[in-house]
Amino acid sequence: MLSKFFPKEFNFFEFFDKQALNLVDAAACFREIVALPEVSEEAQRKMKEIERNGDKMAYAIMDHLNKTFITPFDREDIHQLANEMDEVNDIMNTVVARMRLYKLKGPDANMVQFAELITQAVNVISGAVAGLRDMKNMNNILKACVEVGNLESLGDRLRDSALMELFEKEKDPIQVIKWKEIYQIAETALDICKHVAHNIESILVKQA
Amino acid sequence: MLSKFFPKEFNFFEFFDKQALNLVDAAACFREIVALPEVSEEAQRKMKEIERNGDKMAYAIMDHLNKTFITPFDREDIHQLANEMDEVNDIMNTVVARMRLYKLKGPDANMVQFAELITQAVNVISGAVAGLRDMKNMNNILKACVEVGNLESLGDRLRDSALMELFEKEKDPIQVIKWKEIYQIAETALDICKHVAHNIESILVKQA
Amino acid sequence: MLSKFFPKEFNFFEFFDKQALNLVDAAACFREIVALPEVSEEAQRKMKEIERNGDKMAYAIMDHLNKTFITPFDREDIHQLANEMDEVNDIMNTVVARMRLYKLKGPDANMVQFAELITQAVNVISGAVAGLRDMKNMNNILKACVEVGNLESLGDRLRDSALMELFEKEKDPIQVIKWKEIYQIAETALDICKHVAHNIESILVKQA
């Protein structure tokens, strides 16, 4: 089909912006949920809906990538950026679903802190992604990537202190099993945010 | 060496068919095993043998990929398809080995259901892979990929209900630790089946 | 910037050598630590420092890769080799940090054996990486890669026997949770060593 050589106009920047803003919404929803005494069915549904919207956005990017001949930056980088932003969204949704499944009671101070770090990270990412349109923003974007790296380090420390506290205070092994999993999954959201930042850095370096 | 520019004839489609049929065998063996009261040494050996045959097939594909100049579709897609089909096989083998190691007693109704979903998924994949030879099959292949996606969603729900049941009924934390791991690994077999389906879709889109 | 077309001389071989030697140091430090009755703050700091040095080396390789036009082998292979060697280092550091966090008492005979296998694997890798400069070393390098594969198989068996022993002897579920995680993470160090060996094989095959 010739259509793949003459694609309809598709603005990757716009789509990445939408995906990043969806991630900001997801983090806000996540932060609200972990501050409550339990995960209601309604709350889980809302989180899931945001995650599905994110899926659709990532899918649209992939779909256009496959059909587009000329892209503003490396195909592989576009693919990875869309994928990784989607994964952050997935992780928040998984944490919420698992907390409900395990009937865990909140608010848990460690989860509130995880939500805070994730919220900060996705806000910084959203700014960096918006900046990709113009190389004049390079220095600010690189600063943003460093900031995401710092938030990931804080996430590592938070997971460690949360696990230490858990093993010291919680004597019921079943509760230990549940919370340990939740903390470890929550921390991976920040790991993937760091991958997103690396991906953005790599796009910048190639454009420079 | 010139030989890499003039490779011996190698039919990737045939090899992918063989790998997919090996996966169908693996799933059938897996389904038999989880229906028994325990994993015997003999059963584990049979599962392992199928997995090793799968390894050899994946290796043969990779080996020819490295030596072949012209391929029927993207090199990266060939690499990934062989790898991911192999991983589904690995996961079934891991589940069986771990069930034997943990001396878990069967048949467990949830595992029987996992085996059923995995069997359906690899059968659908096998049909889709066979169809890749001819673009006339495109619509049927795309339908097959959607079906694998649906089976993966059922796998997610099955894992969730299995975990919920486990935490409600099983009071021995050691048993909880063992079965939780088994269910979570089993579900990843369906995740990887979905990756295989995505990979097949991506091959189709590029050919279209 | 023109600079990316006229990069300063950068010898990837030298940098991979440095990274491999750093990995040898990391394994030696890891082996010392698991032979002690507990992980001291000092020991953890030493392990972390080696890991940070490894990070810097991997980063330097990535950075030059992005700026360099002509590379001695596939860009993707360079990227992966640097990444995977770094990951082996990360895993050892994670095991040590987690052992300290969990206040686990040593020396544990299984961990001593894991450290032995990892030490052997990274020594073999270091030799193979050094050999990449000259295709005359091809046969020795391929032998080294097979050896790493064998060490990984031994690692699988060690993890299985360690888990079996754990579930048989340890009656405290909390201890089971902690040690199970440690053994499973330790084994992944050998998995990644095998990935490194595959990566080296793939580089060789393409050069042949």
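Residues numbered from 1 in each chain as written. Chains lettered and ligands numbered in written order. Predicted model: local features only at pLDDT ≥ 70, side-chain atom pairs only at ≥ 80, totals over all residues.

*Asks:* Before we move on, can you summarise the overall build of chain A with the specific residues and values?
*Replies:* Across its full length, chain A carries six helices and zero strands. The N-to-C order of helical and strand elements in chain A reads α-α-α-α-α-α. Against the 2.2 N^0.38 benchmark of 17 Å for 208 residues, chain A shows a C-alpha radius of gyration of 18 Å, consistent with a compact globule. Overall, the C-alpha framework of chain A stretches about 65 × 35 × 20 Å when taken along its three principal axes. The buried share among the 208 residues of chain A stands at 38%. When contacts within chain A are restricted to residue pairs at least 6 apart in sequence, those whose partners lie at least 24 apart make up 84%. (Helix = DSSP H or I, 4+ residues; strand = E, 2+ residues; numbered from the N terminus. Rg over C-alpha atoms; globule rule 2.2 N^0.38 Å. Buried ≥ 20, exposed ≤ 12 C-beta atoms within 10 Å, placed from the backbone. Contact = placed C-beta atoms within 7 Å.)

*Asks:* Can you tell me about the packing of helix α5 (residues 138-169) of chain B against helix α6 (residues 173-207) of chain B, naming the residues and giving the values?
*Replies:* Axes are the key here: two packed helices are described by the angle between their axes and the distance separating the axes. Residue and element names in this part refer to chain B. Contact geometry of α5 with α6 gives a least axis separation of 9 Å together with a crossing angle of 165°. Put simply, α5 runs roughly antiparallel to α6. In the packing of α5 onto α6, the handedness of the crossing is left-handed. Split by residue class, the contact of α5 with α6 holds 18 nonpolar, three polar and eight charged. (Axes fitted to C-alpha atoms, helices over the stretch in contact; angles between N-to-C directions. Parallel < 35°, antiparallel > 145°, perpendicular 65-115°, else oblique. Left-handed = near helix turned anticlockwise from the far one by under 90°. Nonpolar A, V, L, I, M, F, W, Y, C, P; charged D, E, K, R; others polar.)

*Asks:* Lay out the interface of chain B and chain A with the relevant residues and their values.
*Replies:* Facing the twelve residues of chain B at the interface are seven residues of chain A. Looking at the side of chain B that touches chain A, the elements that each hand over two or more residues are α5 and α6 of chain B. At seven residues, α6 of chain B tops the list of elements feeding residues into the side of chain B that touches chain A. Taken together, the residues of the side of chain B that touches chain A sort by class into eight nonpolar, one polar and three charged.

*Asks:* Pulling in residues and values, what's your account of the interface of chain A and chain C?
*Replies:* Counting residues at the interface gives twelve residues for chain A and seven residues for chain C. Contributing elements (two or more residues each) for the side of chain A that touches chain C: α5 (138-169) and α6 (173-207) of chain A. Considering each element in turn, the side of chain A that touches chain C owes the most residues, seven residues, to α6 of chain A. Taken together, the residues that form the side of chain A that touches chain C break down as eight nonpolar, one polar and three charged.

*Asks:* Residue-level account of the relation of the copies chain A and chain C, with values.
*Replies:* Between the two copies, chain A and chain C, the superposition gives an RMSD of 0.0 Å; the rotation angle is 120° and the shift along the axis is 0.0 Å. The operation mapping one copy onto its partner corresponds to a three-fold rotation axis. In terms of C-alpha distance to the rotation axis, chain A has Pro173 of chain A as its closest residue, with the C-alpha 3.6 Å off the axis. (Least-squares fit on C-alpha atoms with pLDDT ≥ 70 in both.)

*Asks:* Give me α5 of chain B: which residues, what numbers.
*Replies:* Over its 32 residues, α5 of chain B runs 46 Å from end to end, which matches the ideal 46 Å to within 8%, given 1.5 Å per residue. Within the sequence span of α5 of chain B, burial applies to Ile141, Ala144, Cys145, Val148, Leu151, Glu152, Gly155, Leu158, Arg159, Ala162 and Leu163 of chain B. At its buried positions, α5 of chain B is contacted by α3 (75-101) of chain A together with α4 (109-131) and α6 of chain B. (Expected span 1.5 Å × (residues − 1).)

*Asks:* For the environment of Ala20 of chain B, give the residues involved together with the corresponding values.
*Replies:* All names here are of chain B. For Ala20, the location among the structural elements is in helix α1 (residues 12-34). For the pair formed by Ala20 and Gly54, sequence separation is 34 residues and the distance between their alpha carbons is 8.9 Å. In contact with Ala20, other than residues within four places in its own chain, are Met85, Ile125, Ser126 and Val129.

*Asks:* Before we move on, could you go through unusual backbone geometry and cite the residues and values that matter?
*Replies:* In this structure, the amide linkage connecting Gly106 of chain A to the following residue, Pro107 of chain A, adopts the cis form with an omega of -10°. Along the chain, Pro107 of chain A falls in the loop between α3 and α4 (109-131). In this structure, Lys103 of chain B is a non-glycine residue whose phi angle is positive, near 55°. On the secondary structure map, Lys103 of chain B appears in the loop between α3 (75-101) and α4. Residue Lys103 of chain B is classed as exposed on the basis of its C-beta count, with 12 C-beta atoms lying within 10 Å.

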